[in-house]
Amino acid sequence: MKILHKSIAKDGEGRVKLIATDAEDLWHLYNLIDVGNFVKATTIRKVQRETDTGSSESERLKIVLTIEVAEVDFDSQGLQLRIKGRNVVENSYVKVGAFHTIEVELHRSFELTKSKWDVIDLDRLTAASEPTAGADVAAVIMQEGLANVCVLSNSLSRFVARVESNVPRKPAGAAFNKDKSKSKFFDLVYRAIKDKLKLDELKVVILASPGYVKDEFFKFMNAEAVRTDEKSMIKIKPKCILAHSSSGHKHALHEVLANPALQSRLADTKAAAEVKALETFFDILKSQPDRACYGPPHVLYAADLGAIQTLLISDSLFRNADVPTREKYVGVVDVTRSTGGPSYLNGVWFLVAAQPPSAFDRIRALVYVTKLVRHENVHPRLPLRLFLL
């Protein structure tokens, strides 16, 4: 996502002009745009016009509207984001108060205004506009002629580059042409890694492919880094892990991360931190139930006592149309961070791509809010109840 303009006052009020550049940006916007916000965008409106003969005819016009958001709908299958609301700025075709639905399109700018940009909004804005910021794991999923480069952080995966190049099959007597095409493909992948990733921040770089494509690329990458004296590329050599994948398509990332052989290498990375926190929660819930709480009442009570050690919280809670309720959950995140405890926002859409299905299923079946407490008996009078998603 690109930020064209950003103007936010100290009290949190302000506007940001944005452009969604890929499908994952639409998911970020779905979680960023709330009821009561204002969206200004170019849209298509069907208007009625009266002809000279007195009859009427309809016409589809491109106009600029500003609406107060009443409903936000995201179609994850069709990858469409629709924003419905009332027009607040009158023009020649749409009266104030008239309803209209704006469909956010890729590569088309729009302006989002909020009365308050809280810490959750600003974090999501940063995550969308700087996809490699804070990511310490990268993965290159490849096959001959195709490679997808992505970064992994605590609860999401984001593809930052796609490389395609024609690498013909090797007919008799055409070995030279195939090798030349493969070298060109490897060079494109090499440049994508160098240009799109923050190499100094990475702890692990996963190279995965069927067959020996990953091995050949790893050899090419090291030779090219030495030849060009590219120090940043030379330094990532010990960080690389070679793994098997069924293909070079995006969906293969899931099977690569599910490989138990990778878990030890990923143990100290942000990509594994949320899963590790969830496993810790289940372990403590089993062995020391007085130190593990779940459900909004218990977590809010623990937050008032400053007893939260680790917080897991669902994105869905921040989509609450009731402002005081949203601010209440934002406050829990602020309290946890102020005491030095980690907080994890579960972005379910990304989690499916970034983590094994077992972890995803357990999170869905868990709770809206989960937390580990610093000491025992922070909720002696509250009965334990499970709040399912």
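Here the structure is shown first, and the text comes after it.
The paragraphs below set out a description of the structure included in this document. Bear in mind that the values here come from a model prediction, so they are computed numbers and not experimental data.

1. Re the overall build of the chain
Logical step 1: Secondary structure summary: the chain contains 12 helices and 16 strands in total.
Logical step 2: Working note: accessible area of the chain is about 19,500 Å², and carbon and sulfur atoms make up 50% of it.

2. Topic: the packing of aromatic side chains
Logical step 1: Taken as a whole and assessed by the stated rule, the structure comprises four aromatic pairs.
Logical step 2: With centroids separated by 5.8 Å and ring planes inclined at 40°, the aromatic side chains of Phe-185 and Phe-186 adopt a geometry described as tilted.
Logical step 3: Here Phe-186 and Phe-217 contribute two aromatic rings whose centre-to-centre distance is 5.6 Å and whose plane-to-plane angle is 65°, an arrangement assigned as edge-to-face. Here Phe-217 lies in helix α4 (residues 213-228) and Phe-186 lies in helix α3 (residues 175-196), a separation of 31 residues in the sequence.
Logical step 4: Residue classification places Phe-217 among the buried residues on the basis of a relative accessible area of 0%.

3. Comments concerning the pattern of salt bridges
Logical step 1: One pass over the full model with this rule turns up 13 salt bridges.
Logical step 2: Across the salt bridge formed by Asp-195 and Lys-194, the nearest N and O atoms sit 3.5 Å from each other.
Logical step 3: Asp-195 sits in the exposed class, given a relative accessible area of 55%.
Logical step 4: The class of Lys-194 is partly exposed, set by a relative accessible area of 26%.
Logical step 5: Glu-224 is the salt-bridge partner of Arg-227, the closest N and O atoms lying 2.7 Å from each other. Taken together, the residues span about one helical turn, with Arg-227 and Glu-224 both in helix α4 at a distance of three residues.
Logical step 6: Taking the relative accessible area as the measure of exposure, Arg-227 reaches 61% and is therefore exposed.
Logical step 7: Salt bridges sharing common partners tie together Asp-34, Lys-114 and Asp-121.

4. A closer look at the nonpolar core
Nonpolar side chains in soluble globular proteins tend to be buried together.
Logical step 1: Formed by 31 residues in total, the largest nonpolar core has its most connected members in Val-140, Val-189, Ile-193, Leu-197, Phe-217, Met-221 and Met-233.
Logical step 2: Of all elements in the fold, only β8 (137-143), β9 (146-152), β10 (157-164), α3, β11 (204-209) and α4 reach the threshold of two or more residues within this core.
Logical step 3: Leaving out residues up to four positions away in the same chain, Met-221 has contacts with Tyr-190, Met-233, Ile-236 and Cys-240.
Logical step 4: Within the second largest apolar cluster, 24 residues are counted, among which are Trp-27, Leu-32, Phe-74 and Phe-110.

5. As for a nonpolar patch on the surface
Logical step 1: Together, Phe-38, Val-88 and Val-89 make up an exposed nonpolar region whose accessible area comes to about 210 Å².
Logical step 2: What makes Val-89 partly exposed here is its relative accessible area of 46%.

6. As for the sheet that holds strand β6 (residues 99-104)
Logical step 1: Strand order in this open sheet of seven strands is β1-β2-β7-β3-β4-β5-β6, and the pairing throughout is antiparallel. A strand with exactly one partner marks an edge of an open sheet, and here the two such strands are β1 (2-8) and β6. Taken pair by pair, the neighbouring strands of this sheet meet at an average axis angle of 40°, ignoring direction.
Logical step 2: The pairing of strand β5 (residues 80-87) with β6 spans six bridges and is antiparallel. When the bridges of β6 are listed, Lys-84 appears paired with Thr-101.
Logical step 3: The sheet contacts of helix α1 (residues 23-32) involve β2 (14-19), β4 (56-75), β5, β6 and β7 (109-114), and relative to β4 the element is tilted by about 70°.
Logical step 4: With respect to the sheet, helix α2 (residues 119-129) is in contact with β1, β2 and β7, its orientation differing from that of β1 by roughly 155°.

7. Quick look at the environment of Lys-182
Logical step 1: Secondary-structure assignment places Lys-182 in helix α3.
Logical step 2: As for Lys-182 and Ser-165, which are separated by 17 residues in sequence, their C-alpha atoms are 8.4 Å apart.
Logical step 3: When residues no more than four places from it in sequence are discounted, the contact partners of Lys-182 are Glu-144, Val-167 and Glu-216.

8. Section: the environment of Arg-265
Logical step 1: With respect to the helices and strands, the residue Arg-265 is situated in helix α7 (residues 260-266).
Logical step 2: As a C-alpha pair, Arg-265 and Lys-239 span 26 residues in sequence and 9.5 Å in three-dimensional space.
Logical step 3: Residues in contact with Arg-265, not counting those within four places in the same chain, are Val-204, Pro-238, Lys-239, Cys-240 and Ile-241.

9. Details of the packing of α1 against α2
Logical step 1: Two elements in contact, α1 and α2, have axes separated by 10 Å at closest approach and are oriented at 170°. Classed by the angle they form, the pair α1 and α2 counts as roughly antiparallel. Across from Asp-25, Trp-27, His-28, Asn-31 and Leu-32 in α1, the residues of α2 making contact are Asp-121, Arg-124, Leu-125, Ala-127 and Ala-128.
Logical step 2: Here the contact of α1 with α2 is composed, by residue class, of five nonpolar, two polar and three charged.

10. A word on unusual backbone geometry
Logical step 1: Positive phi, close to 65°, is recorded for His-107, a residue that is not glycine.
Logical step 2: If you trace the backbone, His-107 turns up in the loop between β6 and β7.
Logical step 3: Phi at Asp-229 takes a positive value of approximately 55°, unusual for a residue other than glycine.
Logical step 4: Relative to the helices and strands, Asp-229 is located in the loop between α4 and α5 (231-235).
Logical step 5: By relative accessible area, Asp-229 is classed as partly exposed at 47%.

What counts as what
- Residues numbered from 1 in each chain as written.
- Predicted model: local features only at pLDDT ≥ 70, side-chain atom pairs only at ≥ 80, totals over all residues.
- Heavy atoms only, no water.
- Helix = DSSP H or I, 4+ residues; strand = E, 2+ residues; numbered from the N terminus.
- Areas by Shrake-Rupley, 256 points an atom, 1.4 Å probe, with all protein chains shown as cover.
- Phe/Tyr/Trp six-rings, centres within 6.5 Å; stacked < 30°, edge-to-face > 60°.
- Buried < 20%, exposed > 50% of the residue type's maximum accessible area, 1.4 Å probe, protein only.
- Salt bridge = Lys/Arg side-chain N within 4 Å of Asp/Glu carboxyl O.
- Core = buried A, V, L, I, M, F, W, Y, C linked by side-chain atoms within 4.5 Å.
- Contact = heavy atoms within 4.5 Å.
- Patch = residues over 30% accessible without salt bridge, like charges linked within 9 Å, V, L, I, M, F, W, Y side chains within 5 Å.
- Pairing = 2+ DSSP bridges.
- Axes fitted to C-alpha atoms, helices over the stretch in contact; angles between N-to-C directions.
- Parallel < 35°, antiparallel > 145°, perpendicular 65-115°, else oblique.
- Nonpolar A, V, L, I, M, F, W, Y, C, P; charged D, E, K, R; others polar.

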